[in-house]
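If you want the building blocks of each chain, they are given just below.
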Amino acid sequence: QVQLVESGGGLVQAGGSLRLSCAASGRTFSRNAMGWFRQAPGMEREFVAAISGSGNSTPYANSVKGRFTISRDNAVNRVYLEMNSLKPEDTAVYYCAAAPTNYYSGYSPADFIFWGQGTQVTVSS
């Protein structure tokens, strides 16, 4: 079992930056690939970024590539999402998720089995 708690969301103007943090507990953190997803009102939950257990592989959704950076610190059981050049269309609840192994099998929410409660990110125009 893995417990996940996100923090760092908030209200920011377009062009601004935010850094999301996800604290993990419950088992050896480095055994789990991690991901960030987001869900806007009336929309399906969508993949944002993922990172392997070692941190060597970091795929991104095309919509955030070059603006967002995912990272992890296995020493303190945390994964981060640095978000720059934010746009109003980035507004959503952002969720941290853990895969069952140290490498993600895909980028669907079904490929991740543990979830945080989410943190709201609102980007004003």
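From a predicted model like this one, the values you see are computed outputs, not experimental measurements.

### Brief notes about the pairing of strand 3 (residues 18-25)
The side chains of a regular strand alternate between the sheet's two faces. Strand direction decides the pairing type here: strand 1 (residues 3-7) and strand 3, joined by 5 bridges, are antiparallel. Within the sheet, the bridge partner assigned to Gln3 lies in strand 3 and is Ser25. As paired strands, strand 3 and strand 7 (residues 78-83) are joined by 6 bridges and run antiparallel to one another. Note that in strand 7 the partner of Leu18 across the bridge is Met83.

### Concerning the nonpolar core
One finds Leu4, Met34, Trp36, Val79, Leu81, Met83 and Tyr94 to be the most contacted residues of the largest nonpolar core, which totals 37 residues. Counting residues per element, the ones that place at least two in this core are strand 3, strand 4 (34-39), strand 5 (46-51), strand 6 (68-73), strand 7, strand 8 (92-98) and strand 10 (119-124). Look past the residues within four positions of Tyr94 in its chain and what remains in contact with it is Glu6, Leu20, Trp36, Phe37, Arg38, Val48, Phe68, Leu81, Met83, Gly118, Thr119 and Val121.

### Quick notes on the pairing of strand 5
Of all 6 residues making up strand 5, 5 are buried, and the element is well covered by its neighbours. The pairing of strand 4 with strand 5 spans 5 bridges and is antiparallel. Bridge pairing links Arg38 to Glu46 in strand 5. Connecting strand 4 to the next strand, strand 5, in antiparallel fashion are 6 residues, including Gly42 with a positive phi near 75 degrees.

### Some thoughts on the side chain of Ser21
Within the secondary structure layout, Ser21 lies in strand 3. At a separation of 2.7 Å, a polar atom in the side chain of Ser21 contacts the side chain of Arg78. Ignoring any residue separated from it by four or fewer positions in sequence, one finds Ser21 in contact with Val5, Glu6, Ser7, Trp36, Arg78, Val79 and Tyr80.

### Some remarks on the state of the cysteines
All chains considered together, the criterion is met by 1 disulfide. Linked covalently through their sulfurs, Cys22 and Cys96 form a disulfide whose S-S length is 2.1 Å. Taking the sign of the S-S torsion, about -80 degrees here, the bridge from Cys22 to Cys96 comes out left-handed. Taken together, the residues Cys22 in strand 3 and Cys96 in strand 8 connect sequence positions 74 residues apart. Side by side, Cys22 and Cys96 carry an identical accessibility label, which is buried.

What counts and what doesn't
- Residues numbered from 1 in each chain as written.
- Predicted model: local features only at pLDDT ≥ 70, side-chain atom pairs only at ≥ 80, totals over all residues.
- Heavy atoms only, no water.
- Pairing = 2+ DSSP bridges.
- Helix = DSSP H or I, 4+ residues; strand = E, 2+ residues; numbered from the N terminus.
- Core = buried A, V, L, I, M, F, W, Y, C linked by side-chain atoms within 4.5 Å.
- Buried < 20%, exposed > 50% of the residue type's maximum accessible area, 1.4 Å probe, protein only.
- Contact = heavy atoms within 4.5 Å.
- Polar contact = N/O pair within 3.5 Å; in protein donor to acceptor, adjacent residues only side chain to side chain.
- Disulfide = S-S within 2.5 Å.

By themselves these figures say nothing about function.
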